[in-house]
Amino acid sequence: MESLTVVCHDNPDPDCLASAMALAALASDAGVDDVVICYDGNISHQQNRAFVNLLELDLEPFDPALLDGRSVAFVDHSVPGQNNAVPEGTPIDVVIDHHPAEGAEARFVDRRETAGATATILTEYVHALGIDLEGRLATGLLFAVRRETLGFLRGVTAAEHEAAAILHPYADEKTLRQLASPPVTGSTADALGTAIDNREVRGSTLISHVGRTGERDALPQSADYLVELEGVGSAVVFGIVDDCIELSGRTNDSRVHIGEALDEAFSDVGSAGGHREMAGGKIPLGLFADAAADERLVEFVEGIVTDRLVSAMNLPEDETEEE
């Protein structure tokens, strides 16, 4: 291997970014001098931006030319064309992931759905091969493990605690604190306020939307917040982002697999799925893309998305009355 392109998934989060950092370090240690980390979409979440800036990540926008004549690796995603800009059918050399996926094929695949974070898997490799963890790498990996598991409270396994024990002595605590509490933009606060105002509860499932937004990452932040409301076991928040409907789901209900629920509701019209406790989805607006600025489209999308969720999750037809 003379050159390597590490492809992050669209709009990469700390787990993906830290895993890319670790794989680049492994490649460099193996004598690969030409390593590029790239991504498509936007890094808009304030925490993700802080991660890139504070850890001084060298990232490039995705360009199909970065696939030509180079080895290609995926971290935190598995399949060309699914949550990435890589054309379907492109041969992949390395896949390291912890998400459920069908059709993950590469020369080397390590996909562990039981792992709480892809960063956990990369920490195992880095530690086993004696890669220098001092500073940036340990800090990035430890923050990614913490963030992906919501502070070791969601989807965590013994492996995450073992990874943290390995990383902690080398991580920079000041940087970790800065990453944990980045400034929140006014647009994100507005989107969260809209999600709170638009919430409706069916049984123990909360459904809400943020309307149209340029703050894609406000969706998972809103879902994280709303699922903690009293009486709510699951939350799904959606919004119109550019020419797509994007969704984010969270659950604390052991009876619900939110990834399977979103997959059942939307896989025939877009891509959706994820873990038992957290999931997401993306649905192209298609013929309605030209009407994305029309206020009536938000109401139309709200009705369609809600109806599909009610059917897939077997929810009450009417909103639950608050006492």
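To be clear, the structure that these remarks concern was listed above.
Residues numbered from 1 in each chain as written. Predicted model: local features only at pLDDT ≥ 70, side-chain atom pairs only at ≥ 80, totals over all residues. Heavy atoms only, no water.

### A few points about the overall build of the chain
To keep things clear, this is the line we draw: Secondary structure elements follow DSSP: runs of H or I of four or more residues count as helices, runs of E of two or more count as strands, with numbering from the N terminus. As a reference, a globule follows 2.2 Å times the number of residues to the power 0.38, and the radius of gyration itself is taken over C-alpha atoms. Using a 1.4 Å probe on the protein chains alone, a residue whose accessible area is under 20% of its type maximum counts as buried, one over 50% counts as exposed, and one in between counts as partly exposed. Any two residues whose heavy atoms approach within 4.5 Å at even a single point are treated as in contact. The method behind every accessible area is Shrake-Rupley, applied with a 1.4 Å probe, and residues are considered shielded solely by the protein chains displayed. Charged residues are defined here as Lys and Arg on the positive side and Asp and Glu on the negative side; His and the ends of the chain fall outside this count. One atom stands in for each charge, and that atom is NZ of Lys, CZ of Arg, CG of Asp or CD of Glu.
Counting its secondary structure elements, the chain contains ten helices and twelve strands. The C-alpha atoms of the chain give a radius of gyration of 20 Å, which matches the 20 Å a tight globule of 323 residues would have. Across its three principal directions, the C-alpha atoms of the chain cover 60 × 40 × 35 Å. Counting across all 323 residues of the chain, residues that qualify as buried make up 53%. Taking the contacts inside the chain whose residues are at least 6 apart along the sequence as the reference set, 61% of them involve residues at least 24 apart. For the chain, the exposed surface amounts to about 15,100 Å²; the carbon and sulfur share of it is 47%. Side-chain charges of the chain comprise 21 positive and 58 negative groups, with the mean position of each set lying 3 Å from the other.

### Description of the pairing of strand β12 (residues 278-284)
Operational definition: Two strands qualify as a pair provided that DSSP identifies no fewer than 2 bridges between them.
Sheet analysis places strand β10 (residues 244-251) next to β12, joined by seven bridges and oriented antiparallel. Along β12, the bridge assignment pairs Ile245 with Ile283. Bridge count for strand β11 (residues 271-274) against β12 is four bridges, and the pairing is antiparallel. What sits directly across from Gly273, in β12, is Gly280.

### Describing the sheet that holds strand β2 (residues 34-39)
Adjacent strands of a sheet form backbone hydrogen bonds with each other and so pair up, either parallel or antiparallel. To be explicit about the condition: Fitted lines through C-alpha atoms serve as axes, helices being fitted only where they are in contact, and the angles separating the N-to-C directions of these axes extend from 0 to 180 degrees.
Within the open sheet, the six strands sit side by side as β3-β2-β1-β4-β5-β6. Their pairing is parallel. Where the open sheet ends on each side, the last strands, each with one partner, are β3 (59-61) and β6 (108-111). This sheet shows a mean twist of 25 degrees between the axes of neighbouring strands, independent of strand direction. Packing of helix α1 (residues 14-29) onto the sheet brings it into contact with β1 (3-7), β2, β3, β4 (71-75) and β5 (94-97), and relative to β2 it is tilted by some 170 degrees.

### Some words on the packing of helix α4 (residues 136-148) against helix α6 (residues 173-180)
Formally: When an angle is under 35 degrees it counts as roughly parallel; over 145 it counts as roughly antiparallel; between 65 and 115 it counts as roughly perpendicular; any other value is oblique. Crossing handedness is defined as follows: a turn of the near helix away from the far one that is anticlockwise and smaller than a right angle gives a left-handed crossing, while the clockwise case is right-handed. Any residue that is not Ala, Val, Leu, Ile, Met, Phe, Trp, Tyr, Cys, Pro, Asp, Glu, Lys or Arg is counted as polar, Gly included; the first ten are nonpolar and the last four charged.
Running from N to C, α4 and α6 cross one another at 40 degrees; their axes reach a closest spacing of 10 Å. Classified by the interaxial angle, the pair formed by α4 and α6 is oblique. As α4 packs across α6, the resulting crossing turns out to be right-handed. For the pair α4 and α6, the contacting residues are Thr139, Leu142, Phe143 and Arg146 in the first and Glu173, Thr175, Leu176, Leu179 and Ala180 in the second. Here the contact of α4 with α6 is built from residues that sort into five nonpolar, two polar and two charged.

### Brief notes about the packing of aromatic side chains
We count it as follows: Between rings of Phe, Tyr and Trp, where Trp is taken as its six-membered ring, a pair exists when centres lie within 6.5 Å; planes separated by under 30 degrees are stacked, by over 60 edge-to-face, and by other angles tilted.
In total, this model carries two aromatic pairs according to the counting rule given. Taking the centre distance of 6.3 Å and the plane angle of 40 degrees together, the rings of Phe51 and Phe143 count as tilted. Of this pair, Phe51 sits in helix α2 (residues 46-54) while Phe143 sits in helix α4, and the two are 92 residues apart along the sequence. With relative accessibility at 5%, the residue Phe143 sits in the buried group. A centroid spacing of 6.4 Å and a plane angle of 65 degrees characterise the contact between Phe108 and Tyr125, whose relative ring orientation is edge-to-face. Of this pair, Phe108 sits in strand β6 while Tyr125 is found in helix α3 (residues 118-128), placing the two residues 17 residues apart along the sequence. Exposure remark for Phe108: the relative accessible area of 38% places this residue in the partly exposed category. Its relative accessible area of 21% is what places Tyr125 among the partly exposed residues.

### What about the pairing of β4?
Buried residues dominate β4, accounting for five of its five residues. Judged by which residues are buried, β4 turns out to be covered on both faces: Ser71, Ala73 and Val75 on one side and Val72 and Phe74 on the other are all buried. Pairing geometry for β1 and β4, over four bridges, is parallel. In the sheet register, Val7 faces β4, and the bridge partner there is Phe74. Pairing analysis gives three bridges linking β4 to β5, with the strands arranged parallel. Within β5, the position partnered with Val75 by the bridge is Ile96.

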